[in-house]
Amino acid sequence: MSSLFPALTDGPGERVALRFGPRTLTYGELAGAAGAVAARVRDSGRVAVWATPELETAVAVAGVLLAGAAAVPLNPKSGEKELAHILSDSAPSLVLAAPGAELPPALAALPRADVDAAAAGTLPGERAADGDPALIVYTSGTTGPPKGAVLPRRALATTLDALADAWQWTGDDVLVHGLPLFHVHGLVLGVLGPLRRGGSVRHLGRFSPEGVARELNGGATMLFGVPTMYHRIAEALPDDPELAKALARARLLVSGSAALPVHDHERIAAATGRRVIERYGMTETLMNTSVRADGEARAGTVGVPLPGVRLRLVEEDGTEITAYDGETVGEIQVRGPNLFTEYLNRPDATAAAFTADGFFRTGDMAVREPDGYVRIVGRKATDLIKSGGYKIGAGEIENALLEHPAVREAAVTGEPDADLGERIVAWIVPADPAAPPRAEELADHVARRLAPHKRPRVVRYLAALPRNDMGKIMKRALADA
Ligand code: MCA
Ligand code: AMP
């Protein structure tokens, strides 16, 4: 196996690799700190990482990968039910955390190792194979608890190298972002990406348009964000000349994880003269398509398939659509070395996700324009909600709501939201119509059980849920109920 991070051994050791607020690590220092983690986790199999937006998370994941083990990034805001599921499903042998991080009781049974960012360990020789698991990232489905997508080392390497080709991404680039570090976007693209190129990442700790302006005006060259972040930038631009200047001087502005509305594209272009480019990916597939740095940035499209990715559109019955007419809609299916290998402990779900000829069924619906640009027009499953760039399964929230004693029936839908893309709406039949549970109480309940980003933003009360003759909830009828 070739090295995932050649710059750790071959690059200039004094170059800055990571910057989180006032704290930085050069490649030389990162080699020492990650080397120490690698020595600690060698032969540990799966290693949980308490993925706070701090330097230690990046060091921990790099160390686990250098050791040839697999990292399971944990959302530090995961609620008790979600965390218990992820821990029992992935069965990590220890948890890595930043010194001082307070871990919840669910993790008390696991050995804990604190990451020492100042350690001077030695880099191990990499002995893992391309197909060995590198990351297990939990992702929501329409029903049931999140599934662990097993991402092999090969997928990380190929997706990052394909993006380097599409974006002319080099070791001279300095990336800025404020994305969470327990999902593919922030962790794989946002941290492992710069490290694989031998470049730098500056993490904001928490996203803000001011932080973006400061870093882009201070030498950063690229910005990654979800549409909600670009929406907030577009809102701030009219009153913030520093922000407009910062975006104008960036080499590349990239949006992904959900569709960036054309209105936000246009507002940013009008205020800065720069076009945001979109790329399309998924936890299971890493990146599939992108607008190229040397291509035309066309609002509302996600560009062309990345090198090595085979992408096809298919009809409901699996027939391939050959038209490049901008109007024939089909499901996107992809194949390539960028794909995950399986859902952990879920052979049934893994089998259902692939076609007989090895293509992954994304569930995303799209058309192809005459020049090959892919335009995503929707999603097959209405029970998957994208809010703030997070994928959230309606069934998971419904199950959590039904555990609340004041809830008799629950249905969850997504409705359009200018800031979040979609907001989560809970439709509740109270156990006692005279004393319905308060909306905040239900939001807190879901935040505590699952995660704060899964909490309903709106609660609507009904006497009964609309059902068909089979007793199935008719979600499309909810808005008229
Ligand atoms: C609010 N909070 C609560 C509650 N209400 N906490 C507990 N109980 C409650 N009832 C807290 C939150 O924890 C948070 O805390 C703060 O209040 C605000 O939360 P929230 O409303 O969620 O924040 P927001 O302002 O709506 O967040 C917008 C955001 C965020 C920053 C854009 O949605 C975000 O980071 N999205 C990125 C998602 C992402 O990376 N997706 C990639 C997956 P505190 O103040 O402490 O934060 S997709 C992917 O990886 C694929 C491969 C791809 O293509 O990229
Ligand atoms: P996740 O499972 O959280 O990794 O989210 C993957 C999903 O995000 C995809 O299946 C798409 O529905 C959506 N997605 C990612 N990037 C884009 C994009 N640029 N435009 C539209 N949807 C996107």
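Cut-off values and rules
- Residues numbered from 1 in each chain as written.
- Chains lettered and ligands numbered in written order.
- Predicted model: local features only at pLDDT ≥ 70, side-chain atom pairs only at ≥ 80, totals over all residues.
- Heavy atoms only, no water.
- Near = heavy atom within 4 Å.
- Polar contact = N/O pair within 3.5 Å; in protein donor to acceptor, adjacent residues only side chain to side chain.
- Areas by Shrake-Rupley, 256 points an atom, 1.4 Å probe, with all protein chains shown as cover.
- Helix = DSSP H or I, 4+ residues; strand = E, 2+ residues; numbered from the N terminus.
- Nonpolar A, V, L, I, M, F, W, Y, C, P; charged D, E, K, R; others polar.
- Pairing = 2+ DSSP bridges.

K.L.:
Describe in detail the site of ligand 1, supporting the description with residues and values.
P.N.:
In the vicinity of ligand 1 there are 27 residues, among which K77, R206, S257, R279 and D444 approach most closely. With respect to ligand 1, the side chain of S257 contributes an N or O atom lying 2.6 Å from an oxygen atom. Between ligand 1 and the protein, one listed contact pairs an oxygen atom with a side-chain N or O atom of R457 at 3.0 Å. For ligand 1, whose free accessible area comes to 1,100 Å², the fraction covered by protein is 74%. Elements that contribute at least two residues to the shell around ligand 1 include exactly α6 (184-197), α8 (227-236), β13 (277-282) and α13 (439-449). Among the residues making up the shell around ligand 1, the classes are represented as eleven nonpolar, eight polar and eight charged.

K.L.:
Explain the sheet that holds strand β21 (residues 374-379) residue by residue, including any values.
P.N.:
Pairing in this open sheet of five strands is antiparallel, and the strands run β17-β16-β18-β20-β21 from one edge to the other. In this open sheet, the two edge strands, each paired with only one partner strand, are β17 (320-321) and β21.

K.L.:
Requested: an account of the site of ligand 2, with residues and values cited.
P.N.:
Contacts to ligand 2 come from 15 residues, most closely from R279, T283, D364, K386 and K391. Here an oxygen atom of ligand 2 and a side-chain polar atom of K386 are 2.8 Å apart. K391 has a polar side-chain atom sitting 3.0 Å from an oxygen atom of ligand 2. Burial of ligand 2 by the protein amounts to 91% of the accessible area it has alone, namely 500 Å². For the shell around ligand 2, the element with the most residues is β13, which contributes five residues. Each residue belonging to the shell around ligand 2 can be placed in one class, and the counts come to six nonpolar, four polar and five charged.

Any link to function would need more than the numbers given here.
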